[in-house]
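# Analysis of the macromolecular model
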Amino acid sequence: MNAVEKASAFVGKTFSLWVLLFACFGFFAPQLFVGYKAWITPLLGIVMFGMGLTLSTADFREVLRRPRDVLIGVVGHYLIMPGIAWLLAVLLRLPPDIAVGVILVGCCPSGTASNVMTFLARGDVALGVSIALVSTLIAPLATPALVSLLAGTWMEINTGSLFRDIVQVVIVPIALGVVVKTLFARQAAASVRALPLVSTITILFIIAIIVGLNQAKILSNGLLILSAVVLHNLLGLALGYGFARLFGMNLAKRKAVMLETGMQNSGLGAALAAAHFNPLAAVPSALFSVWHNLSGSALATWFARRPN
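Residues numbered from 1 in each chain as written. Predicted model: local features only at pLDDT ≥ 70, side-chain atom pairs only at ≥ 80, totals over all residues. Heavy atoms only, no water.

### Regarding the overall build of the chain
Within the chain one finds 16 helices and 0 strands. Its C-alpha radius of gyration of 18 Å places the chain within 12% of the 19 Å reference for a compact globule of 308 residues. Its C-alpha atoms give the chain principal-axis dimensions of about 50 × 45 × 40 Å. Sorting the 308 residues of the chain into buried and exposed places 54% on the buried side. Residue pairs in contact within the chain that sit at least 24 positions apart in sequence constitute 87% of those at least 6 positions apart. Here the chain displays about 13,500 Å² of accessible surface, and carbon together with sulfur accounts for 70% of that area. (Helix = DSSP H or I, 4+ residues; strand = E, 2+ residues; numbered from the N terminus. Rg over C-alpha atoms; globule rule 2.2 N^0.38 Å. Buried < 20%, exposed > 50% of the residue type's maximum accessible area, 1.4 Å probe, protein only. Contact = heavy atoms within 4.5 Å. Areas by Shrake-Rupley, 256 points an atom, 1.4 Å probe, with all protein chains shown as cover.)

### Considerations on empty space enclosed by the protein
Here the idea is plain: a probe the size of a water molecule rolls over the atoms and shows the empty space left. The final tally for this structure, using the stated rule, is 1 cavity of 30 Å³ or more. Empty space within the largest cavity amounts to approximately 160 Å³. In this structure, the largest cavity is lined by 17 residues; those nearest its centre are Thr112, Ile203, Asn265, Ser266 and Gly267. Every element with two or more residues in the lining of the largest cavity is listed here: helix H3 (40-54), helix H12 (195-213), helix H15 (266-276) and helix H16 (283-304). Per-element accounting of the lining of the largest cavity gives the leading share, 4 residues, to H12. Across the lining of the largest cavity, the residue classes break down as 8 nonpolar, 9 polar and no charged. (1 Å grid on protein atoms, 1.4 Å probe; cavity = no way out; pocket = protein on both sides within 12 Å on 5 of 7 lines; lining within 4 Å. Points joined across faces, edges and corners; volume = space filled by probe spheres on them. Nonpolar A, V, L, I, M, F, W, Y, C, P; charged D, E, K, R; others polar.)

### Observations concerning helix H9 (residues 139-151)
Those residues of H9 lying buried are Ala139, Pro140, Ala142, Thr143, Pro144, Leu146, Val147, Leu150 and Ala151. Along its buried surface, H9 packs onto helix H5 (67-91), helix H6 (96-106), helix H8 (125-137) and helix H10 (159-183).

### A short note on the pattern of salt bridges
Tallied over the entire structure, the rule returns 6 salt bridges. Across the pair Arg66 and Glu62 runs a salt bridge, and its minimum N-O distance is 2.6 Å. Under the relative-accessibility criterion, Glu62 is labelled buried at 12%. Measuring nitrogen to oxygen at the nearest pair gives 2.8 Å for the salt bridge that ties Asp124 to Arg66. Residue Asp124 is located in the loop between helix H7 (114-120) and H8, and its partner Arg66 is located in the loop between helix H4 (57-65) and H5; the two are separated by 58 residues in the primary sequence. Each member of the pair Asp124 and Arg66 is classed as buried. Salt bridges linked by common partners bring Glu62, Arg65, Arg66, Arg68, Asp69, Asp124 and Lys253 together as one network. (Salt bridge = Lys/Arg side-chain N within 4 Å of Asp/Glu carboxyl O.)

### Some points on the packing of aromatic side chains
One pass over the full model with this rule turns up 9 aromatic pairs. Ring geometry for Phe27 against Phe28: centres 5.0 Å apart, planes inclined by 85 degrees, an arrangement best described as edge-to-face. Note on Phe28: relative accessible area 64%, which makes it exposed. Taken together, the ring pairs in this structure connect Phe33, Tyr36, Trp39 and Phe205 into an aromatic cluster. (Phe/Tyr/Trp six-rings, centres within 6.5 Å; stacked < 30°, edge-to-face > 60°.)

### Quick word on the environment of Ile40
Inspection of the secondary structure puts Ile40 in helix H3. By relative accessible area, which is 6% here, Ile40 ends up buried. Between the C-alpha atoms of Ile40 and Ala270, which are 230 residues apart in sequence, the distance is 8.5 Å. Once residues lying within four places of it in the same chain are set aside, the contact partners of Ile40 are Ile206, Ile209, Ile210, Leu213 and Ala271.

### Some words on the confidence of the model for the chain
Mean pLDDT over the chain: 87, with 97% of residues reaching 70 or higher. In the model of the chain, helix H1 (residues 3-13) stands out as the element of lowest mean pLDDT, 68, in contrast to H5, which has the highest, 95. (pLDDT = per-residue confidence, 0-100.)

Shown next, in the form of structure tokens:
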């Protein structure tokens, strides 16, 4: 194992601590990060490009090999998280901007760190990758449609603009990564060793920027939004596990579905919120990006210590 791989392994094992640390950097020293607001979308594109570089024909074959399991995970993801978000917005009587922000992050595809958490939890990683892949590829259609359906009562939603931005930020970089891997297989294979570290640093920087940009709004609305975010994530994890169990999945599969359900691509949520809504709408994604990595890490560690 070379130095880069060792660094990647170390950061991966301590990811939740780094998330908390960079969130604190963004909150207590926002001046260091607010100037990089325009970088959020390109940085997220880098993460998605890295995802494309890691995809193989085996990942797509896995979807075809067990479509039922993947369908359960994807349907559970897009049914549970948007539904919980809408319910919390109503029950907590969230202000319009916060309600839209909570619903937006709930309608995003699976999170970029969910596969890592599934691995740490000794879950079915191949299934987790397949669920994340499909939920991401259908996001240009699923996310705008669900946001329009569920958040339309709070404010007008431009579904066409959301569709275009998701394609640009998610689908195009992934497709470019796949093309580059196909055309330059040897170079891509060498770069993959550094990808976990690059992706992790990129995600941490995005978190710091988002938290820094919303420091004042977190101070004034943080407790209400944090309550919604924590409930959203924990209920999503619990219902994701229960949803998989309802269909008779084994424990390893239940772990994968649980984590792919409860962990969202909050970076995408923040980028979309910043581009299309009031800045306050980006705060739920900012706090979700911190919280779900902490809860996901804790849950993965707990599962890893239990016998299967």
